[in-house]
Every structure is written in C-alpha cells, then in structure tokens.
Amino acid sequence: MRNIMKTILPALLIMLAVTAAHAAKVDTINVYSQKMKRSLNTIVYTPDATGSTKFPVVYLLHGYSGNSTTWPGITDVARLADTYRTIIVCPDGQNSWYVDSPIDPSMQFETFISKELPEYIDAHYPTYARRELRAITGLSMGGHGAIWNGMQHPDVFGNIGSTSGCMDICQYPNCWEMEKVLGNKFQNESVWKAHSVYYSLDRLLTSRQNIIIDCGYSDFFYPVNLQTHKRLRELNVKHDFYVRPGGHTGDYWRNSIDYQMMFFAKQFDKVLNEK
C-alpha cells in the first residue's frame with residue numbers, strides 16, 4: 001500500500017497543480033454586430049475569481065486565414081489569463097484586416113472590434129471598462145489591426161501592441177485578399193494609405209497610449225517594423241520596440257505574447273495601484 005501511495009501521490013499532486021494553473025473560465029460565444037447584421041464567434045478567458053473581482057481586458061487578434069481559435073492553438077491562453085489576472089478576448093476577425101471596408105458592408109470590423117465587442121464584453125464580464133485597463137494586440141494581420149484600431153480609438157484602448165505586424169499594407173497590394181477589403185490599390189491609393197498604420201502614425205502624437213511592437217529578425221515583416229520604429233522615434237512617440245531571433249512562426253508568437261502580456265500587466269498595475 002505504501003509503495004502504491006508513493007506512486008499515486010506525485011501523480012495526484014501534478015494533476016492538482018495543472019488544474020490550479022488552468023482555472024480560467026473559457027466561454028465560446030457569438031457576439032452580434034449590429035453594423036454587419038451578423039454574429040461573430042469569440043472566445044473569452046476569465047481568470048478564476050470569487051466575489052466582485054474585476055479584471056483588465058486584453059483583446060488578442062489573429063492573423064490572415066485565422067479565426068478565434070488561432071491564438072489558443074498557438075499558446076495556452078488560459079494560462080496567460082490566470083498568470084496575468086486579465087480577461088483575454090479572442091475574436092474572429094476573418095480576413096478583414098480589422099478595418100471598416102469602404103466597399104463591403106459585411107466587413108465592418110473596426111466598428112466591431114473597437115465598439116460593439118468591447119461594449120458586449122463590458123456588459124457581460126467583470127471588467128473595469130476603462131481605456132487605461134484595456135489593451136489590444138495581435139499577430140501579423142492582427143498586429144496591424146491592433147495598432148490601427150488603437151490609434152483610431154484611443155478613448156477605448158489605452159494600451160496597444162503588435163507582434164510581427166504588417167505595419168504598412170501599401171507595400172503588399174496583391175497579397176492576403178486586401179483588395180477585397182479596400183479595392184484595387186492602384187486605383188484607390190489614398191484609401192489604402194488612409195487605412196495603413198505606417199501612414200497614420202502621427203495620430204499617436206497626442207494619444208497618451210502605451211505602445212509595444214516586436215518582430216523577429218528573420219520575419220519578412222522585419223524591415224517594415226524597423227521602418228515604423230524609426231518613424232515613431234522621429235515623431236518622438238514613446239514606445240517599446242523589441243527584436244528577437246525568429247521568423248513569422250507560431251514558435252515566435254508563443255514566446256512573444258508572454259512579453260506583450262507582461263508589458264500590459266505592468267501598465268495595468270500602475271493604474272490599479274494608484275487607487
């Protein structure tokens with residue numbers, strides 16, 4: 001019996017530790033967009049809590065060809081939610097580039113991401129519902145979408161980030177179905193520039209937002225991320241910029257998202273400790 005317990009007890013302790021480390025509540029929901037007249041799948045991770053505990057919120061955007069399950073497929077989002085005591089929202093942004101398309105009424109994702117979804121989350125989850133305690137970030141297309149929505153709506157997102165983001169869509173006129181969202185780039189160059197993060201960076205001059213951008217040395221988006229960093233320095237916009245080994249891969253994002261979450265958690269703690 002003693003030998004059996006010696007075998008069973010370590011296994012039980014490991015199981016209890018794993019269970020405790022993954023205590024976040026996971027909801028898969030459909031959020032209705034009034035502007036698009038349809039519902040979008042969203043996964044919400046809420047840290048384990050009792051009573052009237054409230055949490056900051058991080059909106060985590062996927063890349064091209066992804067959906068609400070992309071980030072959970074890359075990393076343990078439940079662990080991130082529990083570790084950083086933050087509600088994490090993973091919406092389905094389809095291949096929208098997270099903008100309000102001027103040519104397709106069914107692709108109005110800036111409104112969804114920056115208005116309709118935060119309003120729903122604040123109404124149904126224990127959030128602080130404050131810009132200072134709300135962040136948005138994402139990978140690749142989602143990196144562009146996060147910075148784009150953040151700079152367009154500084155009253156909603158006080159903290160913005162990008163990992164491996166396509167920071168200037170104008171450099172890729174024939175890629176990733178952007179034409180379906182914005183029209184032909186060569187016939188609508190002004191529209192493309194108006195929806196590109198790089199050409200809109202001056203909007204960050206008075207935004208008072210905390211900004212983090214990272215990209216791998218081997219990523220094909222590294223040059224445009226470096227270009228964005230240099231432009232932000234020219235504008236004297238305070239931001240954190242990190243470059244690490246890695247490419248446009250899940251392995252890189254699995255590592256980078258922890259750094260982004262630590263950055264946001266630090267900003268959240270500053271605000272919460274002021275109370």
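This structure is a prediction, so every number in the text was calculated from the model and none was measured. (Residues numbered from 1 in each chain as written. Predicted model: local features only at pLDDT ≥ 70, side-chain atom pairs only at ≥ 80, totals over all residues. Heavy atoms only, no water.)

1. Structural notes on the nonpolar core
For soluble globular proteins, the rule of thumb is that nonpolar side chains tend to be buried together. One finds Tyr59, Val89, Phe112, Leu117, Ile136, Leu201 and Leu204 to be the most contacted residues of the largest nonpolar core, which totals 52 residues. Not counting chain neighbours up to four residues away, the residues in contact with Val89 comprise Thr42, Ile43, Val44, Val57, Val58, Tyr59, Leu60, Leu117 and Ile121. Counting 27 residues, the second-largest nonpolar core is a separate cluster that includes Leu133, Leu139, Ile257 and Met261. (Core = buried A, V, L, I, M, F, W, Y, C linked by side-chain atoms within 4.5 Å. Buried < 20%, exposed > 50% of the residue type's maximum accessible area, 1.4 Å probe, protein only. Contact = heavy atoms within 4.5 Å.)

2. Side note on helix α5 (residues 141–152)
For α5, built from 12 residues, the straight-helix expectation of 16 Å at 1.5 Å per residue is met to within 8% by its first-to-last C-alpha distance of 16 Å. Of all the residues in α5, the buried ones are Met141, Gly142, Gly143, His144, Gly145, Ala146, Ile147, Trp148, Asn149, Gly150, Met151 and Gln152. On the buried face of α5, the contacting elements are β3 (57–61), α4 (109–124), β5 (134–138), β6 (159–163) and α7 (189–194). (Helix = DSSP H or I, 4+ residues; strand = E, 2+ residues; numbered from the N terminus. Expected span 1.5 Å × (residues − 1).)

3. Comments concerning the pairing of β3
Counting buried positions along β3 yields five of five residues, so the element is predominantly enclosed. Side chains of β3 alternate between two faces, with Val57, Tyr59 and Leu61 and Val58 and Leu60 buried alike. Where β3 meets strand β4 (residues 87–91), three bridges bridge the pair, whose relative direction is parallel. By the bridge assignment, Val58 is partnered in β4 with Ile88. Note: β3 against β5, five bridges, orientation parallel. The residue of β5 that forms the bridge with Leu60 is Thr137. (Pairing = 2+ DSSP bridges.)

4. Re the sheet that holds β3
With respect to topology, eight strands assemble into an open sheet ordered β1-β2-β4-β3-β5-β6-β7-β8, the strand pairing being mixed. For this open sheet the edge positions go to β1 (25–33) and β8 (240–244), each flanked by a neighbour on one side alone. Between one strand axis and the next, the sheet turns by 20 degrees as a mean value, whatever way the strands run. Strands β7 (210–216) and β8 of the sheet are contacted by helix α8 (residues 222–234), whose axis makes an angle of about 150 degrees with β7. (Axes fitted to C-alpha atoms, helices over the stretch in contact; angles between N-to-C directions.)

5. Looking at the pattern of salt bridges
One pass over the structure, following the stated rule, counts 10 salt bridges. For Arg134, the salt bridge goes to Asp122, with nearest N and O atoms at 2.8 Å. With a gap of 12 residues between them, Arg134 in strand β5 and Asp122 in helix α4 connect regions that are remote in the sequence. On the basis of relative accessible area, Arg134 is assigned to the buried category, the value being 7%. Under the relative-accessibility criterion, Asp122 is labelled partly exposed at 24%. Between Glu234 and Arg231 there is a salt bridge, with the nearest N and O atoms lying 3.0 Å from each other. With Glu234 and Arg231 both in helix α8 and three residues apart, this pair spans about one turn of that helix. (Salt bridge = Lys/Arg side-chain N within 4 Å of Asp/Glu carboxyl O.)

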